[in-house]
Amino acid sequence: MPEPTPLTTRPLTEGEYNAAWHAAEGAAGEEGADPGTILHAVLNRLGIAWPGAEAQPAVEEQCTASWPTFTLQRWNWPTNAWKTHGTYGSERGEGNAYFAVASERASQTGPIRLLKDGVPVLADDPAAYYDA
């Protein structure tokens with residue numbers, strides 16, 4: 001798979017900005033909707049500066065900073081400690097982490113726990129698991 005091309009940003013021209021403003025205004029379709037708020041949120045998320053705006057951070061910086069990291073761990077019986085079995089941290093990280101949890105549960109590999117940014121969101125009790 002080829003490496004992704006780094007995204008570059010540039011300010012919109014006045015014409016591009018006006019066209020985008022009118023598109024957002026027409027698409028909002030709600031009374032009181034503010035096309036500026038909509039347009040600026042979209043442009044900011046894409047890392048595109050509008051005329052007169054300060055430079056926006058790169059899209060990659062925005063994306064990587066906004067996603068939590070999920071860590072799947074299995075109980076290692078011989079060492080009596082949790083061992084990391086997978087780390088998930090992208091826009092699909094949460095879905096992938098919960099899919100991995102479901103797979104581990106279906107495979108009955110032993111006690112597992114899932115951490116979200118280091119905080120457990122689900123955890124089996126190893127003692128109860130093996131005593132059952």
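Basis of the calculations
Residues numbered from 1 in each chain as written. Predicted model: local features only at pLDDT ≥ 70, side-chain atom pairs only at ≥ 80, totals over all residues. Heavy atoms only, no water. Helix = DSSP H or I, 4+ residues; strand = E, 2+ residues; numbered from the N terminus. Buried < 20%, exposed > 50% of the residue type's maximum accessible area, 1.4 Å probe, protein only. Polar contact = N/O pair within 3.5 Å; in protein donor to acceptor, adjacent residues only side chain to side chain. Salt bridge = Lys/Arg side-chain N within 4 Å of Asp/Glu carboxyl O. Pairing = 2+ DSSP bridges. Axes fitted to C-alpha atoms, helices over the stretch in contact; angles between N-to-C directions. Contact = heavy atoms within 4.5 Å. Patch = residues over 30% accessible without salt bridge, like charges linked within 9 Å, V, L, I, M, F, W, Y side chains within 5 Å. Areas by Shrake-Rupley, 256 points an atom, 1.4 Å probe, with all protein chains shown as cover. Expected span 1.5 Å × (residues − 1). Arc of directions from axis to C-beta.

### What about the side chain of glutamine 73?
Moving on, step 1. By the element assignment, glutamine 73 lies in strand β1 (residues 70-76).
Moving on, step 2. According to the relative accessible area criterion, glutamine 73 is buried, its value standing at 9%.
Moving on, step 3. Side chain to side chain, glutamine 73 and arginine 113 meet in a polar contact 2.5 Å long.

### Concerning the pattern of salt bridges
Moving on, step 1. Considering all chains together, one arrives at two salt bridges under this definition.
Moving on, step 2. Residue glutamate 104 is joined to arginine 74 by a salt bridge in which the shortest nitrogen-to-oxygen separation is 2.9 Å. Of the two residues, glutamate 104 is situated in helix α4 (residues 93-107) and arginine 74 in strand β1; the sequence distance between them amounts to 30 residues.
Moving on, step 3. Owing to a relative accessible area of 9%, glutamate 104 belongs among the buried residues under this scheme.
Moving on, step 4. Among the residues examined, arginine 74 registers a relative accessible area of 27% and is labelled partly exposed.
Moving on, step 5. The salt bridge partner of arginine 105 is aspartate 124, with a shortest N-O separation of 2.8 Å. Here arginine 105, found in helix α4, pairs with aspartate 124, found in the loop between β4 (119-123) and α5 (126-131); they are 19 residues apart in sequence, far enough to count as distant.
Moving on, step 6. Residue classification places aspartate 124 among the buried residues on the basis of a relative accessible area of 16%.

### Section: the sheet that holds strand β3 (residues 112-116)
Moving on, step 1. Sheet architecture is open: four strands sit in the order β2-β1-β3-β4, paired in antiparallel fashion. Sheet topology places β2 (81-88) and β4 at the edges, where each strand pairs with a single neighbour. On average, adjacent strands in this sheet sit at an angle of 30 degrees to one another, irrespective of strand direction.
Moving on, step 2. Judged from the five bridges that link them, β1 and β3 form a sheet pairing that is antiparallel. Looking at the pairing, leucine 72 lines up with leucine 114 of β3.
Moving on, step 3. Of the strands in this sheet, β1, β2, β3 and β4 are in contact with α4, which crosses β1 at around 20 degrees.

### Considerations on a nonpolar patch on the surface
Moving on, step 1. On the surface, Trp77, Tyr129 and Tyr130 cluster together into a nonpolar patch covering about 320 Å² of accessible area.
Moving on, step 2. In this fold, tyrosine 130 is placed in helix α5.
Moving on, step 3. Residue classification places tyrosine 130 among the partly exposed positions, given a relative accessible area of 36%.

### Some thoughts on α4
Moving on, step 1. In this model α4 runs 21 Å from its N-terminal to its C-terminal C-alpha over 15 residues, within 8% of the 21 Å that 1.5 Å per residue would give.
Moving on, step 2. All of the buried residues along α4 are Gly93, Ala97, Ala100, Val101 and Glu104. Angularly, the buried residues of α4 cover 100 degrees about the axis, an arc narrow enough to put them on a single face. Across α4 from its buried face, at more than 90 degrees, point the exposed residues Phe99 and Ala106.
Moving on, step 3. Summarising the contacts, the buried residues of α4 are in contact with β1, β2, β3 and β4.
Moving on, step 4. Just downstream of α4 lies glutamine 108, where phi reads positive at about 50 degrees.

### Remarks on the environment of glutamine 73
Moving on, step 1. Counting along the chain gives 41 residues from glutamine 73 to leucine 114, while the straight-line C-alpha distance between them is 6.3 Å.
Moving on, step 2. Those residues in contact with glutamine 73 that sit more than four places away from it in its chain are Trp82, Lys83, Thr84, His85, Pro111, Ile112, Arg113 and Leu115.

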